[in-house]
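# Architecture and fold: a report
So the chains spell out like this:
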Amino acid sequence: MTRVLISGAGLGGLALAQALHRGGVDVAVYERDPTPATRNQGYRLHIDANGNAALRACLPPAVLDLVRDTSGVNGDLVATYGQRLERYFAQEFPGIPESEISNVDRDTFRRGLLTGVEDRVVFGRTITGYRIADSGRVRIEFAEGGTDEGDLLVGADGVGSAVRGQLIPGFGPRDLGLRCIYGRMPIDAGTEPLIPAEFDRGFSWVAGDNGIGVGFAPVRYRHRPGGYLMIALVTTPERIGPDLHGTVIEATSSWDPRIKTIIGYGDSTSFFPITIRASDRIDPWQSGPVTLLGDAIHTMPPAGGVGANTALQDAATLAAELLSDKDLPGAVAAYERVMLPRGFDTVENSVRMLGQMAGR
Ligand SMILES: Cc1cc2nc3c(=O)[nH]c(=O)nc-3n(C[C@H](O)[C@H](O)[C@H](O)COP(=O)(O)OP(=O)(O)OC[C@H]3O[C@@H](n4cnc5c(N)ncnc54)[C@H](O)[C@@H]3O)c2cc1C
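Each residue is numbered by its place in its chain's sequence as written, counting from 1. Local features are withheld for residues below a pLDDT of 70 in this predicted model, meaning they are given only at 70 or higher, and side-chain atom pairs are given and counted only at 80 or more; totals for whole chains, interfaces and linings count all residues.

### Overview of the overall build of the chain
Regarding its fold elements, the chain presents nine helices and 17 strands. In this treatment the radius of gyration is a C-alpha quantity, and the globule benchmark scales as 2.2 Å times the residue count to the 0.38 power. In terms of overall size, the chain behaves like a compact globule, its C-alpha atoms giving a radius of gyration of 21 Å where 360 residues would be expected to give roughly 21 Å. Expressed along its principal axes, the backbone C-alpha trace of the chain runs to roughly 65 × 40 × 35 Å. Any residue with 12 or fewer other C-beta atoms within 10 Å of its own C-beta is exposed, any with 20 or more is buried, and the rest are partly exposed; the C-beta atoms used are placed from the backbone. Relative to its 360 residues, the chain shows a buried fraction of 42%. Contact between residues is assigned whenever the C-beta positions, reconstructed from backbone atoms, fall within 7 Å. For the chain, restricting intrachain contacts to residue pairs at least 6 apart in sequence, the fraction spanning at least 24 positions comes to 72%. Secondary structure elements follow DSSP: runs of H or I no shorter than four residues count as helices, runs of E no shorter than two count as strands, and numbering proceeds from the N terminus.

### Some words on the site of the ligand
The criterion for a residue being near a molecule or strand is a backbone-placed C-beta atom within 6 Å of that molecule or strand. Around the ligand, the structure places 34 residues, and the nearest of them are Gly 8, Gly 10, Gly 12, Gly 294 and Gly 307. Looking at the shell around the ligand, the elements that each hand over two or more residues are helix 1 (11-22), strand 2 (26-31), strand 3 (44-46), strand 12 (174-186) and helix 8 (307-322). A per-element tally of the shell around the ligand places helix 8 first, with four residues. Segment limits for the domains were obtained from an automatic or database-derived domain assignment. Structurally, the shell around the ligand is a two-domain feature, drawing no fewer than three residues from each of domain 1 (3-74 + 98-174 + 279-357) and domain 2 (175-276).

### Some words on the domain arrangement of the chain
When the domains of the chain are assigned, the result is domain 1 (3-74 + 98-174 + 279-357) and domain 2 (175-276). Listed per partner, the contact involves 17 residues of domain 1 and 20 residues of domain 2. Where the side of domain 1 that touches domain 2 is concerned, the elements lending two or more residues are strand 3, strand 6 (103-105) and helix 9 (328-357).

### Some details on the sheet that holds strand 16 (residues 272-278)
The seven strands are arranged 5-4-13-14-15-12-16 in an open sheet whose pairing can be described as mixed. This sheet does not close on itself; its edge strands, each paired only once, are strand 5 (87-92) and strand 16. Between one strand axis and the next, the sheet turns by 20 degrees as a mean value, whatever way the strands run. Pairing of strand 12 with strand 16, which is carried by six bridges, proceeds in the antiparallel orientation. Its bridge partner lying in strand 16, Ile 181 is registered against Pro 273. To obtain each axis, a line is fitted to C-alpha atoms, and for helices this fit is confined to the stretch in contact; angles are then taken between N-to-C directions over 0 to 180 degrees. Of the strands in this sheet, strand 12, strand 15 (227-235) and strand 16 touch helix 6 (residues 244-251), which is tilted by about 95 degrees from strand 12. Two strands are counted as paired when DSSP detects at least two bridges linking them.

### As for unusual backbone geometry
A negative phi holds for most residues other than glycine; trans holds for most peptide bonds. With a phi angle near 65 degrees, Leu 85 is a residue other than glycine that sits in the positive phi range. For Leu 85, a count of 16 C-beta atoms within 10 Å corresponds to the partly exposed category.

### Notes on the pairing of strand 10 (residues 147-150)
With four bridges connecting them, strand 9 (residues 138-142) and strand 10 associate as antiparallel partners. Each bridged residue has a counterpart across the sheet, and for Glu 141 the counterpart in strand 10 is Thr 147. As consecutive antiparallel partners, strand 9 and strand 10 are separated by four residues, and within that stretch Gly 145 has a phi angle of approximately 100 degrees, a positive value.

### Looking at the sheet that holds strand 8 (residues 127-132)
Strand order in the open sheet formed by three strands is 8-9-10, with antiparallel pairing between adjacent strands. The sheet is open, and its two borders are formed by strand 8 and strand 10, each paired with just one other strand. Pairs of neighbouring strands in the sheet enclose a mean axial angle of 25 degrees, with direction left out of account. As paired elements, strand 8 and strand 9 share five bridges and run antiparallel to each other.

### Remarks on the nonpolar core
A general tendency of soluble globular proteins is for nonpolar side chains to be buried together. The biggest cluster of nonpolar side chains holds 54 residues, and the ones touching the most others in it are Ala 15, Leu 16, Leu 293 and Ala 315. In terms of residues, this core owes the most to one element, helix 8, which gives eight residues. Apart from residues no more than four positions distant in its own chain, Leu 16 is found in contact with Ile 6, Val 154, Ala 156, Leu 293, Ala 315, Leu 318 and Ala 319. Any set of buried Ala, Val, Leu, Ile, Met, Phe, Trp, Tyr and Cys residues joined through C-beta atoms within 7 Å is what this text calls a nonpolar core. Grouped together as the second largest cluster of nonpolar side chains are 33 residues, Ile 187, Tyr 228, Ile 263 and Ala 303 included.

Encoded structure:
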């Protein structure tokens, strides 16, 4: 039986593990985080039609139901505003059925994706590199000690991928010279009335006269009370001070008072910085027993809200190829023929969107 090793129990790695496990493939996932609760990579994720299709393809029905039931109430509006909340643009998305997922809380989503494959995932194992034996099998090594061996290694280990570092030396995402400060305002009886009605309907982007923009989007859980409003400021590195919440407050101090109020009620401990990066398109490499998926190969700015959706698509495509009647090299080559152009088209769209949002 084919044995697949996956580096990274992020969103793409777990979706792939689900699909392969469901298809009867022997799969082992190694994750450097000590526990599933360790990540602090963001809050709300927008899931689009491609992401929904990939989830349907990868997940057993009971896990898909769980992911849907723990997702956010669907939004129906994407809008942009000036700093006095004058609306520039709005697009409505009426009637998204409840069977579709339009937003998730990242940690909740990741826990959902782990359901049923817990015994396939080993936390606290950092892959440092691999060796391909004469037999063609791949042996991986862990920083914590020990090795494992399989027929295919999938680097689903995100922006700083160790697998990519060895497979394509010198290739990696570049810094686009912008930073995000991410945080959130908890929604409770006290803060709920402060949220402008349109901000509660989807994604809102407010572009300030000072070249700074802030995105707002709610997660309101479908079947439990509460939730939060995600707050994401995009700015240049030199405008970020040591107090991140203070930086967001300061950057928006002359904006509409409703915005100042919700930022002021943000949870100060929730704010963290992110470097905005993008990968340049590369030529296909010679396919073999090591491949890449998601941010490990095509890192993109969060502007389009599609990085996770693309990683989920990669997982669905790779799983379909591995579960087809192609031999292993044929399946990996077929996956890479689809994944590479799709991933880099999406990176380039996201970079264009970032340029529009950040006025570049
Ligand atoms: C703030 C923010 C907001 C975003 N919003 C959206 C959105 O709304 N919609 C959307 O589609 N995308 C969004 N994205 C992008 C999305 O988060 C990523 O594209 C997505 O997480 C990529 O999934 P992945 O599985 O490739 O990598 P990840 O989810 O990053 O997973 C990689 C995993 O590999 C592990 N790892 C790393 N190195 C090793 C190693 N050496 N050994 C073992 N494990 C390792 C990491 O710990 C991690 O768990 C956003 C990103 C950010 C930062």
